[in-house]
2 protein chains.
Amino acid sequence: MKKYNFIKKQLSKTNKKNDENYVVSRIWHLLNNSDVKMITQQYIVRDVATKTYALADIYFPQINTIVEIDEPYHLSDEMVLSDTMRQHDIVQAIECEVFRIKVTNDLQEMNEKIDEIVLALRQQFDRIDYQVWDVEQEYNPMTYVQRGYLDATEHVAFKTVKDCCNCFGAGYKGLQGSGAKHKFQDAIDIKALKFYPNANWDNELSANEQYFTEYHTDAEVNASYMKKRLDELRQELALFAHVRSEFGGFEYVFKGWYKVNPKRSLELGKVCYDRISTTMPTYFASDQVAYVKVAKAIENNREIAFFYDKEELERFQERYKDADITYELMSNYS
Amino acid sequence: MKKYNFIKKQLSKTNKKNDENYVVSRIWHLLNNSDVKMITQQYIVRDVATKTYALADIYFPQINTIVEIDEPYHLSDEMVLSDTMRQHDIVQAIECEVFRIKVTNDLQEMNEKIDEIVLALRQQFDRIDYQVWDVEQEYNPMTYVQRGYLDATEHVAFKTVKDCCNCFGAGYKGLQGSGAKHKFQDAIDIKALKFYPNANWDNELSANEQYFTEYHTDAEVNASYMKKRLDELRQELALFAHVRSEFGGFEYVFKGWYKVNPKRSLELGKVCYDRISTTMPTYFASDQVAYVKVAKAIENNREIAFFYDKEELERFQERYKDADITYELMSNYS
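What counts, and at which threshold
Residues numbered from 1 in each chain as written. Chains lettered and ligands numbered in written order. Predicted model: local features only at pLDDT ≥ 70, side-chain atom pairs only at ≥ 80, totals over all residues. Heavy atoms only, no water. Least-squares fit on C-alpha atoms with pLDDT ≥ 70 in both. Contact = heavy atoms within 4.5 Å. Buried area = accessible area lost by both parts, 1.4 Å probe. Salt bridge = Lys/Arg side-chain N within 4 Å of Asp/Glu carboxyl O. Polar contact = N/O pair within 3.5 Å; in protein donor to acceptor, adjacent residues only side chain to side chain. Helix = DSSP H or I, 4+ residues; strand = E, 2+ residues; numbered from the N terminus. Nonpolar A, V, L, I, M, F, W, Y, C, P; charged D, E, K, R; others polar. Domains from an automatic or database assignment.

As recorded in an unreviewed UniProt entry, chain A goes by the name Phosphoribosylaminoimidazole carboxylase, listed as coming from Solibacillus faecavium.

Asks: Sorry if this is basic, but what is going on with the relation of the copies chain A and chain B here?
Replies: Copies of the same chain, two in number, are related to each other by a rotation about an axis and a translation along it. Mapping chain A onto chain B calls for a rotation angle of 180° and an axial translation of 0.0 Å; the resulting RMSD is 0.1 Å. Accordingly, the operation relating the two chain copies is best matched by a two-fold axis. Comparing contact sets, 100% of the residues at the interface of chain A also lie at the interface in chain B, consistent with an isologous, same-surface contact.

Asks: What am I meant to see in the interface of chain A and chain B here?
Replies: Where interface size is given, it is often the accessible area lost as the parts come together that is meant. At the interface, 29 residues of chain A touch 29 residues of chain B. Taking both sides of the interface into account, the surface hidden between chain A and chain B amounts to around 2600 Å²; carbon and sulfur atoms contribute 51%. Per-residue buried area on chain A facing chain B is highest for Y4(A), H29(A) and L107(A); these three make up 27% of the total on that side. On inspection of chain A and its partner chain B, the count reaches 0 salt bridges. One can count 13 residue pairs in polar contact (both at pLDDT 80 or more) joining chain A with chain B. It is helix α2 (residues 18-31) of chain A that provides the largest number of residues to the side of chain A that touches chain B, a total of 9 residues. Residue classes in the side of chain A that touches chain B are distributed as 9 nonpolar, 13 polar and 7 charged.

Asks: Can you help me understand the domain arrangement of chain A in this one?
Replies: All names here are of chain A. With domains assigned, chain A is organised as domain 1 (3-127), domain 2 (139-286) and domain 3 (291-334). Between the C-alpha centres of domain 1 and domain 2 the distance comes to 29 Å. The interface is formed by 16 residues belonging to domain 1 together with 20 residues belonging to domain 2. In total, domain 1 and domain 2 occlude about 1600 Å² of area from one another, counting both sides; carbon and sulfur atoms represent 50% of this. Contact with domain 2 buries area across many residues of domain 1, yet R86, Q87 and D89 alone supply 42% of it, more than any other trio.

Printed below as a string of structure tokens:
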């Protein structure tokens, strides 16, 4: 997987729309920074309440910013979630910064407008301490193990279920199936799910990703699975959604830490889970030499992140400054 | 006709080829100069002797330079002239400067290679006194009237036959038909021709544009037209080729000053013309206030260009320094 292939694909998605192609390619080339990740035609949630979605023309995940290209003949439509869309990862862009560019017919004017946006984007990238785009590192579970946690707000993706499990110290070389038990936490399963109709399963992830349901269209299978999940299986999940990858094929995006809600499951007639945290601590495998922790983040008596260095802890505290999180410093914190 | 529409179309022609789209858009945006004209997918003559042609990935007419993008899976093929190609203007690129860029898979490497070419192109534009790209002026016959001549090596195009005639002082407001008599030169007709099969005519322009033939597939019509052209009609032509325009539709490109070759016409059984000059002097209309000439260029006893200022004369002399041209300076030359 190469950055070049990724970006080439991003530019090519605008191919049929020449104005978009002009704007997107100019922004990319003038930004001229291969540490920047740019996604075009990204599905985003426009409004959680009305469950409306849209295709963002350009999305910069590192700075949570969208660029909308207003072509004279189309305003980007809001749409209701369709089955095709459900195969894609959908970004919670409610608090995104949005830049708009109106397409006109004048080259000089277009260039000036785009250049203004490029400048504004540059300033954003300069202002924050963003994670440099590194495709190899991005897809490597060890990146997150060494960091100490996974964060669902950061669109973390893996190529295989094995890699998802290895974030939690599974140490797998290969793995069949859609998940495994967490080796260090008895209450937790690691699970990859499809949130689009497949083989009689019709699972749904809510627009704000606060809850999801598992549902089998055969009533008998559904009832038997519900019983098993509610009574026998582990009640908590590290959830990964199976979504279309920008490199082609599919990948698994971390969605958070969820827990079965038995009451609501019985009401709905499908297994229902609530998100209990957007972050989860990662684990070194038992045969790896683990880093020495300097701190833990604790929310509702759950360890939601580990820290191996002070800077990472401070970045986390900055990001979650409004959340009710306790930080437990280790003796080697300095 | 707007520059933006033109360039947008140039970028869009590469749409199906993502590597090309990446390279072309990067070159355009980093060159970042709206005085520059860039054409993609331009038909060029590769070899006059073997009559082979090719599609140049990028062509910069102002500096007569081509950029070739060598994709791993295709080397730009040479091809024999087809009827579809004959509708396009074909550039004599034999003495073009050619830059090559090999497509690889690495973003950094690709960017570095493209940036090198952008730098080299910039240096070329800096070095020569190129004609700034001005779409309005480019298609306006008065531009060439005020300059004093048309030059077939410069790819001069007009939207209508009326505009072609007005380069020679016709002063038409409207015009039906494919040509007219030159109002100031008794031996010359102004003529727009299609060099692709149409309505039983099958005219051909040679690869090096040194000669062309007019031919009607009905033997009787052909014979009667030949007789008329050889015996009655004017023997010289200001030739314009009807070609596909980059703005959509068709336009008329100046190809030079041609003269009937009666001997060869009879041998071939089709009217054959030889080019006698790549440049022709332009004329103010009788109701226009003409500029005062400072010089004329004369080749084989023919006035091939007029000059209204010293700088234009010097530019012409620089361009045609190897040609056997006499310059006649007027008394007001200083």
